[in-house]
Amino acid sequence: MQAPKKKVLLKIIILGDTGVGKTSLMNRFVNQKFTATYKATIGADFLTKEVTVNGQRVTMQIWDTAGQERFQSLGVAFYRGADACVLVYDVNQPKSFDDLESWSQELIVQACPQSHETFPFVCLGNKVDKAGPNRAVPKKKAKTWCDSKSMPHFETSAKEATNVDEAFRKVAEIALLQE
Ligand code: GDP
Ligand code: MG
């Protein structure tokens, strides 16, 4: 008889500038919901969702910020033990893309992963539903940056549920490779 695979808990944290859609993406993924009204906080440190990746049951514990990201004052507990990080920018806001470099560095400094060379990041360009053909952050530009860091890249819409499941599944997959 095959031994049951061990249960896995992954701590995932979402980083990016205020307003890019971090809370909305998490809410879409975990609750299949989207609300257009702005809510700075959801009042919880994290939400959990179970997924199956390659036959393995995985509990994703997704940590979101409650607006403190604008002061870069997320506590040690927020970063501690992170298994993967979702970096989010808004495809209509170039500054939010430019800021990803410092968000990724912040993660490395605060979470002190065993190997920062291979720490799993996934990058999401959100709000594609609002983007015209001449979007502010071209897909090619984002891809080039992500490729240079071996980071999977997705363009998403929390509003229209575009690529959200795919992106979070990828997060679980690459986090599991590190186990
Ligand atoms: P956060 O500060 O990064 O957590 O961003 P929120 O999730 O609070 O979203 C900020 C605003 O952008 C809210 O008004 C959301 O309804 C809106 N929003 C989030 N994701 C999307 C999206 O994919 N498309 C559109 N059109 N609006 C979005
Ligand atoms: Mg938020």
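In the block above lies the structure referred to throughout.
The residue numbering used here restarts from 1 in each chain and proceeds along that chain's sequence as written. Going through the entries in the order they are written, you letter the chains from A and number the ligands from 1. In keeping with the predicted nature of the model, local features appear solely for residues at pLDDT of at least 70, side-chain atom pairs appear and are counted solely at 80 or more, and the whole-chain, interface and lining totals rest on all residues. Excluded from the side-chain calculations are hydrogens and water; all other atoms, namely the structure's heavy atoms, are used.

Caption draft 1: Inspection of the environment of Ala-172 at higher detail. Secondary structure elements follow DSSP: runs of H or I of four or more residues count as helices, runs of E of two or more count as strands, with numbering from the N terminus. Its place among the elements puts Ala-172 in helix H6 (residues 164–177). Ala-172 gets classed as buried once you look at its relative accessible area, which sits at 0%. When the C-alpha atoms of Ala-172 and Val-58 are compared, they prove to be 7.8 Å apart, with 114 residues separating the residues in sequence. With residues near it in sequence (within four places) discarded, Ala-172 still touches Leu-10, Val-51, Val-53 and Met-60. Each residue is assigned to one of three classes by its accessible area relative to the maximum for its type, calculated with a 1.4 Å probe on protein chains only: buried under 20%, partly exposed between the two thresholds, exposed over 50%. We call two residues in contact when some of their heavy atoms are within 4.5 Å.

Caption draft 2: Inspection of helix H5 (residues 139–148) at higher detail. Of all the residues in H5, the buried ones are Ala-142, Trp-145 and Cys-146. Angularly, the buried residues of H5 cover 95° about the axis, an arc narrow enough to put them on a single face. Along H5, exposed side chains directed more than 90 degrees from the buried face belong to Lys-140, Thr-144, Asp-147 and Ser-148. Residues of H5 that are buried make contact with strand S4 (84–90), helix H3 (94–98), helix H4 (100–111), strand S5 (121–126) and strand S6 (153–155). Following H5 by one or two positions, Ser-150 adopts a phi angle in the positive range, close to 50°. Starting at the helix axis, one direction is taken to each C-beta atom, and the arc is that of these directions.

That is the geometry; function is a separate question.
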